[in-house]
Amino acid sequence: MPPDLTSTHSRIYATIRRIPYGKVASYGQIARLAGMPRHARLVGYALHRLPNGSSIPWHRVVNARGDLSLAHAGRASGIEQRLRLEREGVPVNAAFRVSMARFGWRPARAKRRA
DNA sequence: CTAGTGACTGTTT
DNA sequence: AAAACAGCCACTA
């Protein structure tokens, strides 16, 4: 059986796994879906503690503006994130920016029109 | 216990 | 358009 899925980190990981292929979600979005509306920073915190080789699509997590926070934070891993995103069909700007309007993940809510 | 930090977000300059 | 400021709260030391 899985470990503490009720843990904040595990919850965050589970939510990130729900991000569909070719889409990106913001930290706030993940936090909200995980049931922690104001814990956007915790999402980043949890990801920072992520072990190398985890099965979660961490590269699909960007900040609210669509920027790769990883690259902006001066992390070399930002390059890898851009690479992975482009491989999924998500174009990344020269400024490490993604079009949230077109590639932002829109989780299906209550049915409204179909 | 207190203090500092941050892969963030929204508002204001 | 970008930069600065403030709010936010779990985690680490």
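Preceding block: the structure.
Residues numbered from 1 in each chain as written. Chains lettered and ligands numbered in written order. Predicted model: local features only at pLDDT ≥ 70, side-chain atom pairs only at ≥ 80, totals over all residues. Heavy atoms only, no water.

1. Side note on the protein's contact with DNA strand B
This is how it is decided: The cutoff for a nearby residue is simple: one of its non-hydrogen atoms must lie within 4 Å of the molecule or strand. We define a polar contact as two N or O atoms separated by no more than 3.5 Å, with the added condition that, inside protein, one atom must be a possible hydrogen donor and the other a possible acceptor, whereas residues neighbouring each other in sequence contribute only through side-chain atom pairs. Numbering goes from the N terminus for both helices and strands, where a helix is a DSSP run of H or I of at least four residues and a strand is a run of E of at least two.
Inspection of the region around DNA strand B gives 15 residues, with Arg-41, Trp-58, Asn-63, Ala-64 and Ser-69 positioned closest. Backbone atoms, meaning sugar plus phosphate, form 40% of the atoms of DNA strand B positioned within 4 Å of the protein. Within the side chain of Tyr-27, a nitrogen or oxygen atom sits 3.2 Å from a base nitrogen of DNA strand B. Ala-64 is positioned with one of its backbone polar atoms (N or O) 2.6 Å from a phosphate oxygen of DNA strand B. Only helix H2 (27-33), helix H3 (40-48) and helix H4 (69-72) provide two or more residues apiece to the surface near DNA strand B. Here the surface near DNA strand B gets six residues from one element, more than from any other, and that element is H3.

2. Looking at helix H5 (residues 77-87)
Inclusion rule: Working definition: with a 1.4 Å probe on protein chains only, accessible area under 20% of the residue-type maximum means buried, over 50% means exposed, and in between means partly exposed. Directions are taken from the helix axis to each C-beta atom, and the arc is the one they span. In what follows, a contact means two residues having at least one pair of non-hydrogen atoms within 4.5 Å.
For H5, the set of buried residues is Gly-78, Gln-81 and Leu-85. Projected down its long axis, H5 shows its buried positions confined to an angular sector of 55°, all on one face. Set apart from the buried face of H5 by more than 90 degrees, the exposed residues are Leu-83 and Arg-87. Where H5 is buried, its residues touch strand S2 (61-62) and H4. Backbone geometry just downstream of H5 places Gly-89 in the positive-phi region, at approximately 95°.

3. Quick word on the packing of helix H1 (residues 8-17) against H3
Convention followed: Lines fitted to the C-alpha atoms define the axes, with helices restricted to the stretch that makes contact. Angles between their N-to-C directions range from 0 to 180 degrees. Any angle between 65 and 115 degrees counts as roughly perpendicular, while under 35 counts as roughly parallel, over 145 as roughly antiparallel, and the rest as oblique. All residues other than Ala, Val, Leu, Ile, Met, Phe, Trp, Tyr, Cys, Pro, Asp, Glu, Lys and Arg, Gly among them, are scored as polar; the first ten of these are nonpolar and the last four charged.
Two numbers describe how H1 lies on H3: the axes approach to 10 Å, and their chain directions differ by 90°. When the axis of H1 is compared with that of H3, the two are roughly perpendicular. Contact residues: His-9, Ile-12, Tyr-13 and Ile-16 in H1; Leu-42, Val-43, Ala-46 and Leu-47 in H3. Each residue belonging to the contact of H1 with H3 can be placed in one class, and the counts come to seven nonpolar, one polar and no charged.

4. Some thoughts on the protein's contact with DNA strand C
Neighbouring DNA strand C are Thr-8, His-9, His-39, Arg-41, Leu-42, Arg-49 and Arg-97. Taking the atoms of DNA strand C that fall within 4 Å of the protein, sugar and phosphate contribute 74% of them. Here a phosphate oxygen of DNA strand C sits 2.7 Å away from a polar atom, N or O, in the side chain of Thr-8. Interatomic distance of 2.8 Å between a side-chain N/O atom of Arg-41 and a base oxygen of DNA strand C. Elements supplying a minimum of two residues to the surface near DNA strand C: H1 and H3.

5. Re unusual backbone geometry
Non-glycine residue Phe-96 carries a positive phi angle of around 60°. With respect to the helices and strands, Phe-96 occurs in the loop between H5 and helix H6 (100-103). With relative accessibility at 19%, the residue Phe-96 sits in the buried group.

6. A short note on the environment of Tyr-13
For Tyr-13, the location among the structural elements is in helix H1. Residue classification places Tyr-13 among the buried residues on the basis of a relative accessible area of 16%. Separated by 55 residues in sequence, Tyr-13 and Leu-68 have C-alpha atoms that sit 18 Å apart. Excluding anything up to four places from it in sequence, Tyr-13 contacts Ala-46, Leu-50 and Ile-56.

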